[in-house]
Amino acid sequence: MAAATDSFSSGSPAAVKLPRSPPLKVLAEQLRRDVEGGPGAWRLSRAAEGRGPLELAAVWMQGTVVEAGGGAARLRDPSGAFSVRGLERVPRGRPCLVPGKYVMVMGVVQACSPEPCLHAVKMTDLSDNPVHESMWSLEVEDLHRNIP
(Lines give C-alpha, C1' and ligand atoms only; values in the text may rest on other atoms or scores of the structure.)
Protein backbone atom coordinates (compact mmCIF):
# COMPACT_ATOMS: atom_id res chain seq x y z
CA MET A 1 0.00 0.00 0.00
CA ALA A 2 1.69 3.18 -1.16
CA ALA A 3 1.08 6.41 0.69
CA ALA A 4 -0.02 9.47 -1.22
CA THR A 5 2.52 12.25 -1.10
CA ASP A 6 2.88 15.97 -1.64
CA SER A 7 6.08 17.56 -2.86
CA PHE A 8 7.88 19.96 -0.55
CA SER A 9 10.32 22.10 -2.40
CA SER A 10 11.71 25.55 -2.03
CA GLY A 11 13.09 25.39 -5.54
CA SER A 12 16.03 23.28 -4.40
CA PRO A 13 16.99 20.09 -6.21
CA ALA A 14 16.63 18.15 -2.93
CA ALA A 15 12.82 18.18 -2.85
CA VAL A 16 11.33 15.82 -0.31
CA LYS A 17 8.09 13.91 -0.81
CA LEU A 18 5.85 14.51 2.19
CA PRO A 19 3.70 11.49 3.03
CA ARG A 20 0.05 11.84 3.92
CA SER A 21 0.12 8.76 6.14
CA PRO A 22 1.10 9.19 9.80
CA PRO A 23 4.76 8.75 10.71
CA LEU A 24 5.86 5.48 12.28
CA LYS A 25 7.61 5.73 15.66
CA VAL A 26 11.02 4.04 15.46
CA LEU A 27 14.35 3.83 17.24
CA ALA A 28 17.67 4.36 15.45
CA GLU A 29 18.62 0.70 15.96
CA GLN A 30 15.47 -0.46 14.13
CA LEU A 31 16.45 1.60 11.09
CA ARG A 32 20.05 0.33 11.16
CA ARG A 33 19.13 -3.32 11.70
CA ASP A 34 15.71 -4.01 10.18
CA VAL A 35 15.24 -1.84 7.10
CA GLU A 36 15.00 -3.07 3.51
CA GLY A 37 14.76 -1.12 0.27
CA GLY A 38 16.07 2.33 -0.49
CA PRO A 39 15.15 6.02 -0.67
CA GLY A 40 11.45 6.46 -1.35
CA ALA A 41 10.78 2.76 -0.79
CA TRP A 42 12.03 1.88 2.71
CA ARG A 43 10.32 -0.98 4.57
CA LEU A 44 10.81 -2.06 8.17
CA SER A 45 11.23 -5.84 8.21
CA ARG A 46 9.24 -7.73 10.84
CA ALA A 47 10.18 -11.23 9.69
CA ALA A 48 11.56 -12.07 13.15
CA GLU A 49 8.04 -11.56 14.54
CA GLY A 50 6.47 -13.55 11.68
CA ARG A 51 4.77 -10.47 10.22
CA GLY A 52 5.05 -8.57 6.95
CA PRO A 53 7.11 -5.40 6.56
CA LEU A 54 5.84 -1.88 7.31
CA GLU A 55 6.22 0.91 4.77
CA LEU A 56 8.36 3.76 6.12
CA ALA A 57 6.91 6.74 4.27
CA ALA A 58 7.76 8.91 7.29
CA VAL A 59 9.13 8.29 10.76
CA TRP A 60 8.86 9.87 14.19
CA MET A 61 12.03 9.75 16.26
CA GLN A 62 13.04 11.30 19.57
CA GLY A 63 16.48 11.93 20.97
CA THR A 64 18.93 14.24 22.66
CA VAL A 65 20.74 16.79 20.51
CA VAL A 66 24.46 15.93 20.49
CA GLU A 67 25.57 18.59 18.02
CA ALA A 68 23.89 20.99 15.58
CA GLY A 69 24.77 23.51 12.91
CA GLY A 70 24.27 24.39 9.27
CA GLY A 71 20.70 23.06 9.10
CA ALA A 72 21.72 19.63 10.38
CA ALA A 73 21.92 17.90 13.74
CA ARG A 74 23.17 14.67 15.26
CA LEU A 75 20.91 13.15 17.90
CA ARG A 76 21.06 10.10 20.15
CA ASP A 77 18.13 7.96 21.24
CA PRO A 78 18.34 5.01 23.70
CA SER A 79 19.50 2.72 20.87
CA GLY A 80 22.10 4.90 19.16
CA ALA A 81 22.87 7.95 17.05
CA PHE A 82 21.05 9.35 14.03
CA SER A 83 21.36 12.45 11.85
CA VAL A 84 18.78 14.97 10.73
CA ARG A 85 19.12 17.33 7.75
CA GLY A 86 16.97 20.10 6.29
CA LEU A 87 16.35 21.73 9.66
CA GLU A 88 16.67 25.24 8.26
CA ARG A 89 13.24 24.79 6.60
CA VAL A 90 11.14 23.20 9.34
CA PRO A 91 8.96 24.70 12.07
CA ARG A 92 10.60 24.24 15.46
CA GLY A 93 8.72 26.41 17.95
CA ARG A 94 11.13 27.29 20.77
CA PRO A 95 14.84 27.14 19.99
CA CYS A 96 15.79 23.48 20.36
CA LEU A 97 18.93 22.95 18.31
CA VAL A 98 21.09 23.11 21.40
CA PRO A 99 23.19 20.21 22.68
CA GLY A 100 21.43 18.51 25.58
CA LYS A 101 17.86 19.35 24.46
CA TYR A 102 15.48 16.40 24.08
CA VAL A 103 13.49 16.72 20.84
CA MET A 104 11.10 14.89 18.56
CA VAL A 105 11.69 14.87 14.83
CA MET A 106 9.31 13.79 12.11
CA GLY A 107 10.94 13.19 8.78
CA VAL A 108 11.56 11.15 5.67
CA VAL A 109 14.27 8.48 5.81
CA GLN A 110 17.19 9.31 3.52
CA ALA A 111 19.65 6.59 4.62
CA CYS A 112 19.88 3.80 7.19
CA SER A 113 23.54 2.81 7.06
CA PRO A 114 26.03 3.37 8.56
CA GLU A 115 23.61 5.40 10.69
CA PRO A 116 20.06 6.59 10.06
CA CYS A 117 19.61 9.98 8.41
CA LEU A 118 16.28 11.83 8.12
CA HIS A 119 15.21 14.84 6.13
CA ALA A 120 13.18 16.75 8.73
CA VAL A 121 9.57 17.78 8.27
CA LYS A 122 9.00 18.94 11.86
CA MET A 123 10.99 19.31 15.07
CA THR A 124 9.71 20.06 18.58
CA ASP A 125 11.47 20.58 21.92
CA LEU A 126 10.27 18.05 24.52
CA SER A 127 12.86 18.94 27.17
CA ASP A 128 10.36 20.44 29.64
CA ASN A 129 8.85 17.07 30.53
CA PRO A 130 11.29 14.24 31.39
CA VAL A 131 8.49 11.68 30.94
CA HIS A 132 8.86 12.04 27.15
CA GLU A 133 12.40 10.73 27.29
CA SER A 134 11.87 8.04 29.92
CA MET A 135 8.84 6.55 28.11
CA TRP A 136 10.07 6.73 24.51
CA SER A 137 11.49 3.19 24.18
CA LEU A 138 8.39 1.70 25.82
CA GLU A 139 6.11 3.75 23.57
CA VAL A 140 7.89 2.49 20.45
CA GLU A 141 7.90 -1.11 21.71
CA ASP A 142 4.19 -0.98 22.54
CA LEU A 143 3.31 0.46 19.14
CA HIS A 144 5.25 -2.20 17.25
CA ARG A 145 3.77 -4.97 19.38
CA ASN A 146 0.25 -3.82 18.50
CA ILE A 147 0.52 -3.01 14.78
CA PRO A 148 -0.89 -6.00 12.87
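Residues numbered from 1 in each chain as written. Predicted model: local features only at pLDDT ≥ 70, side-chain atom pairs only at ≥ 80, totals over all residues. Heavy atoms only, no water.

## Some thoughts on the overall build of the chain
Note the cut-off: Under the scheme used here, helices are H or I runs from DSSP no shorter than 4 residues and strands are E runs no shorter than 2 residues, and both carry numbers assigned from the N terminus. Summary of the burial criterion: residues with accessible area below 20% of their type's maximum are buried, those above 50% are exposed, and those between are partly exposed, where the area comes from a 1.4 Å probe applied to protein chains only. The criterion used for residue contact is that any of the two residues' heavy atoms lie within 4.5 Å. Using a 1.4 Å probe, the Shrake-Rupley method yields the accessible areas, and only the shown protein chains count as cover for residues.
Scanning the chain from terminus to terminus reveals 2 helices and 11 strands. Overall, the chain shows an N-to-C arrangement of helices and strands of β-β-β-α-β-β-β-β-β-β-β-β-α. Classification of the 148 residues of the chain by burial places 40% in the buried group. Sequence-distant contacts, at least 24 apart, represent 59% of the contacts inside the chain between residues at least 6 apart. Entry remark: accessible area of the chain is about 7800 Å², with carbon and sulfur atoms responsible for 56%.

## With respect to the layout of surface pockets
How we decide: Two kinds of site are reported from a 1 Å grid over the protein atoms alone, namely cavities, where a 1.4 Å probe fits but cannot get out, and pockets, open sets with protein on both sides within 12 Å along at least five of seven lines, and residues are called lining when an atom falls within 4 Å of a point. Grid points are joined across faces, edges and corners, and a volume is the space filled by probe spheres set on the points. Each residue is assigned to one class: nonpolar for Ala, Val, Leu, Ile, Met, Phe, Trp, Tyr, Cys and Pro, charged for Asp, Glu, Lys and Arg, and polar for all the others, Gly among them.
Estimates place the volume of the second largest pocket at around 300 Å³. Lining the second largest pocket are 16 residues, with Gln30, Arg33, Asp34, Glu49 and His144 sitting closest to its centre. Listing elements by their share of the lining of the second largest pocket, those giving two or more residues are helix H1 (28-34), strand E5 (43-46) and helix H2 (130-146). Looking at which element gives the most residues to the lining of the second largest pocket, the answer is H2, with 5 residues. Residues of the lining of the second largest pocket, tallied by class, amount to 5 nonpolar, 4 polar and 7 charged.

## Topic: a nonpolar patch on the surface
The cut-off we apply is this: Patch rule: a residue counts if its relative accessible area is over 30% and it has no salt bridge; like charges are joined within 9 Å, and nonpolar side chains (Val, Leu, Ile, Met, Phe, Trp, Tyr) within 5 Å. Salt bridges are identified by distance alone: a Lys or Arg side-chain nitrogen within 4 Å of an Asp or Glu carboxyl oxygen.
On the surface, Val131, Met135 and Leu138 cluster together into a nonpolar patch covering about 270 Å² of accessible area. Mapped onto the secondary structure, valine 131 falls in helix H2.

## Here we look at the state of the cysteines
Cut-off, in case you're wondering: Cysteine sulfur atoms are paired as a disulfide whenever they come within 2.5 Å of each other.
Across all of its chains, the model carries 0 disulfides by this definition. Cysteine 112 forms no disulfide, and the closest cysteine sulfur to it belongs to cysteine 117, at a distance of 9.5 Å. The exposure class assigned to cysteine 117 is buried, which follows from its relative accessible area of 10%.

## Comments concerning the side chain of histidine 144
Along the polypeptide, histidine 144 turns up in helix H2. By relative accessible area, histidine 144 is classed as buried at 10%. Histidine 144 has contacts with Leu24, Lys25, Val26, Gln30, Leu44, Arg46, Arg51 and Leu54, leaving out every residue within four places of it along the chain.

## Focus on the sheet that holds E5
Let me state the cut-off plainly: A pair of strands is treated as paired once DSSP finds two or more bridges between them.
Spatially, 3 strands are ordered E4-E5-E6 in an open sheet, and the strand pairing comes out antiparallel. Only two strands of the sheet have a single neighbouring strand rather than two, namely strand E4 (35-36) and strand E6 (51-55). Of the strand pairs in this sheet, E4 and E5 are connected by 2 bridges, and their pairing is antiparallel. Considered in E5, the bridge of glutamate 36 is made with arginine 43.

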